[in-house]
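The residues making up each chain are set out below.
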Amino acid sequence: MKITAVRAKVYEWKGEVDKPRPHFSGSAMDILYAKAETMATFRFHGWLVVEVETSDGIVGIGNCALAPRIAKEIIDTYLTPQIIGEDPYDNEYLWQKMYRSTIAWGRKGIGMAAISAIDIALWDIKGKKEHKPVFKLLGGRTKEKLWCYASKLYANDDLDAFLAEAKTYIEQGFTAMKMRIGYGPKEGPYGMRKNIEQIKALRELTGPDIDLMVECYMGWTLEYAKRMLPILAEYNLRWIEEPVIPDDIDGYAELKAMNLIPIAGGEHEFTLFGFKDLLERKAIDVIQYDTNRVGGITIAQKINHLAEAFQVPVIPHSGMMHNYHVCMATTASPISEFFPVYNVEVGNELFYYIFKGDPLPKNGYLELSDDIEGLGITLNTDYLDKFNIIE
């Protein structure tokens, strides 16, 4: 079996979009003077889909969501020539070949996301060839089903509406949920009070038996985070996510050393080396890579093994099948993120419009069948008229 074709397509959403309200989420742009809404550059309404075809007709599906037009160019120009004619079972060799041939410019960011998309497709091929789910090829089932948390709850100055959304997750049986912080350093004490009011109200609604997580999405500074953590410690948060920008590893380590609230990060980190650095410097309590960014399933599995040795849990960013399979196959992952199916807003929702096959949670758990082949997803043709597709 040889790789005979690689097709990279960009799906750009042209359908209706729910307009985000002011202060619905923090971002790394928040500390700057800005005339436009600061989350605009972090909303993504496009997705890269790659299909890798083999000589015996198997087609593996991979994807990534960072700057998909650029990722397509990287795949078409640099990565496809490296893998055409090769055996898809040689995924470690092919990963190293793609990584080392682009190392001068592709170690992080879009270059690694493009490699991730192809690597995911190669694992999908292997699963389809073996008639097994990918998690069976990674070591097999380590848990009966995946405990998951509801991940939406964007900040809302209308506390009643915010709490009404949270109540729906409780009613659906979720025992964990994550909210977004809406205010950062630029809003000063007023913004701090708004953040605290929202977290306090959510904890009062849920009571003590539901895990709550808070995402800052790189919107705080180290100084601001050091002021906030002692105030928030009383609310028994499972973690504070990405409180500072990802390059401030010393800042992460300082916040972790305060030992007030566990510190989560890694959504914007790449490769095994990036996480080796975070772990050795004791910078994070929770690892949150995304398989379609970090280097694909090949690298995700290596990070899981490393995390197990450090006894740091792995809870990948976003749900989606490429993450569910690696979570199922490791004891390092106690819980998975789940984005509720929703209208297109920030962009995470697009996965459900592009692909079919993702399981829906029941009472806060996701089930992965032993009967699926590969990743268990197919391309969704129901919404093609809502996309501009670049081939």
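See above for the structure.
The text that follows walks through the structure, step by step, so that each part is easy to find. This structure is a prediction, so every number in the text was calculated from the model and none was measured. (Residues numbered from 1 in each chain as written. Predicted model: local features only at pLDDT ≥ 70, side-chain atom pairs only at ≥ 80, totals over all residues. Heavy atoms only, no water.)

### Observations regarding the overall build of the protein chain
Assigned secondary structure in the protein chain consists of 13 helices and 14 strands. For a compact globule of 391 residues, the expected C-alpha radius of gyration is about 21 Å, and the protein chain comes in at 20 Å, within 12% of that figure. A burial count over the protein chain gives 57% of its 391 residues as buried. Carbon and sulfur atoms provide 51% of the accessible area of the protein chain, an area that totals close to 15,600 Å². Taken as two groups, the 43 positive and 55 negative side-chain charges of the protein chain have centres that lie 1 Å from each other. (Helix = DSSP H or I, 4+ residues; strand = E, 2+ residues; numbered from the N terminus. Rg over C-alpha atoms; globule rule 2.2 N^0.38 Å. Buried < 20%, exposed > 50% of the residue type's maximum accessible area, 1.4 Å probe, protein only. Areas by Shrake-Rupley, 256 points an atom, 1.4 Å probe, with all protein chains shown as cover. Lys, Arg positive; Asp, Glu negative; His and termini not counted. Charge placed at Lys NZ, Arg CZ, Asp CG, Glu CD.)

### Comments concerning the sheet that holds strand 3 (residues 59–64)
The antiparallel open sheet is built from four strands, whose spatial order is 3-2-1-14. Since the sheet does not close on itself, it has two edges, and those belong to strand 3 and strand 14 (387–390), each with one partner. Here the strands of the sheet are splayed against their neighbours by 25° on average, with no regard to which way each runs. Bridge count between strand 2 (residues 46–54) and strand 3: six bridges; the pairing is antiparallel. Looking across to strand 3, one finds that Glu-51 is bridged to Ile-61. (Pairing = 2+ DSSP bridges. Axes fitted to C-alpha atoms, helices over the stretch in contact; angles between N-to-C directions.)

### Observations regarding the pattern of salt bridges
With the rule as written, the count across this model stands at 30 salt bridges. With a shortest N-O distance of 3.5 Å, Glu-345 and Lys-152 are connected by a salt bridge. A residue pair is termed long-range when its members are at least 10 positions apart, and Glu-345 in the loop between strand 10 (336–338) and helix 13 (350–354) and Lys-152 in the loop between strand 4 (146–151) and helix 5 (159–171) qualify at 193 residues. Linked by salt bridges that have partners in common, Lys-178, Arg-180, Glu-215, Glu-241 and Glu-337 make up one network. (Salt bridge = Lys/Arg side-chain N within 4 Å of Asp/Glu carboxyl O.)

### Details of the packing of aromatic side chains
For the structure shown, the criterion picks out 17 aromatic pairs. Their ring planes at 85° and their centres at 6.1 Å tell us that Tyr-169 and Phe-174 sit as a pair that is edge-to-face. Taking the relative accessible area as the measure of exposure, Tyr-169 reaches 5% and is therefore buried. Taking the centre distance of 5.9 Å and the plane angle of 90° together, the rings of Tyr-183 and Tyr-190 count as edge-to-face. Here the aromatic cluster, defined as three or more aromatic residues joined through ring pairs, consists of Tyr-11, Trp-13, Tyr-353, Tyr-383 and Phe-387. Sitting over the face of the ring of Trp-123, Lys-126 holds its NZ or CZ atom 3.7 Å from the ring centroid. When the ring centre of Tyr-365 is taken as reference, the NZ or CZ atom of Lys-145 above it lies at 5.0 Å. (Phe/Tyr/Trp six-rings, centres within 6.5 Å; stacked < 30°, edge-to-face > 60°. Lys NZ or Arg CZ within 6 Å of the ring centre and 35° of its normal.)

### Considerations on the environment of Tyr-154
Within the secondary structure, Tyr-154 sits in the loop between strand 4 and helix 5. In sequence terms Tyr-154 and Glu-215 are 61 residues apart; their C-alpha atoms lie 9.4 Å from each other.

### What to know about the side chain of Asp-290
Within the secondary structure, Asp-290 is located in the loop between strand 9 (286–287) and helix 10 (291–294). An unpaired buried charge is present at Asp-290: no salt bridge exists, and Arg-293, the closest side chain of opposite charge, is 4.5 Å distant. A polar contact of 3.2 Å, which involves the side chain of Asp-290, links it to the side chain of Asn-323. Contact partners of Asp-290, with chain neighbours within four places excluded, come to His-317, Ser-318, His-322 and Asn-323. (Polar contact = N/O pair within 3.5 Å; in protein donor to acceptor, adjacent residues only side chain to side chain. Contact = heavy atoms within 4.5 Å.)

### A look at the packing of helix 3 (residues 110–130) against helix 11 (residues 297–310)
With their axes 7 Å apart at the nearest point, helix 3 and helix 11 run at an angle of 90° to one another. Judged by the inter-axis angle, helix 3 sits roughly perpendicular to helix 11. Counted together, Asp-119, Ile-120 and Trp-123 of helix 3 and Ile-297, Thr-298 and Gln-301 of helix 11 form the full contact between these two elements. Class assignment of the residues belonging to the contact of helix 3 with helix 11 gives a composition of three nonpolar, two polar and one charged. (Parallel < 35°, antiparallel > 145°, perpendicular 65-115°, else oblique. Nonpolar A, V, L, I, M, F, W, Y, C, P; charged D, E, K, R; others polar.)

### Some thoughts on the pairing of strand 1 (residues 3–13)
Burial of strand 1 is extensive: eight of the 11 residues sit out of reach of the surface. Taken together, the nine bridges between strand 1 and strand 2 define a ladder with antiparallel strand orientation. By the bridge assignment, Val-6 is partnered in strand 2 with Val-52. Where strand 1 lies against strand 14, four bridges are found, and the strand directions are antiparallel. Residue pairing for strand 14: Trp-13 is matched across the bridge by Phe-387.

### Here we look at helix 2 (residues 91–101)
Taken together, the buried positions of helix 2 are occupied by Asn-91, Leu-94, Trp-95, Met-98 and Tyr-99. Down the axis of helix 2, the buried set is contained in an arc of 130°. They therefore lie on one face. Taken together, the buried residues of helix 2 touch strand 1, helix 1 (68–83), helix 3, helix 9 (271–280) and helix 11. (Arc of directions from axis to C-beta.)

### Digging into unusual backbone geometry
Here the phi dihedral of His-23 falls at roughly 55°; this positive angle occurs in a residue that is not glycine. Here His-23 is to be found in the loop between strand 1 and strand 2. Its relative accessible area of 32% is what places His-23 among the partly exposed residues. The phi dihedral of Asn-236 falls on the positive side, at around 50°, and the residue is not glycine. Following the sequence through the fold, Asn-236 ends up in the loop between helix 7 (222–232) and strand 7 (239–241).

Keep in mind that these numbers describe shape and distance, not what the molecule does.
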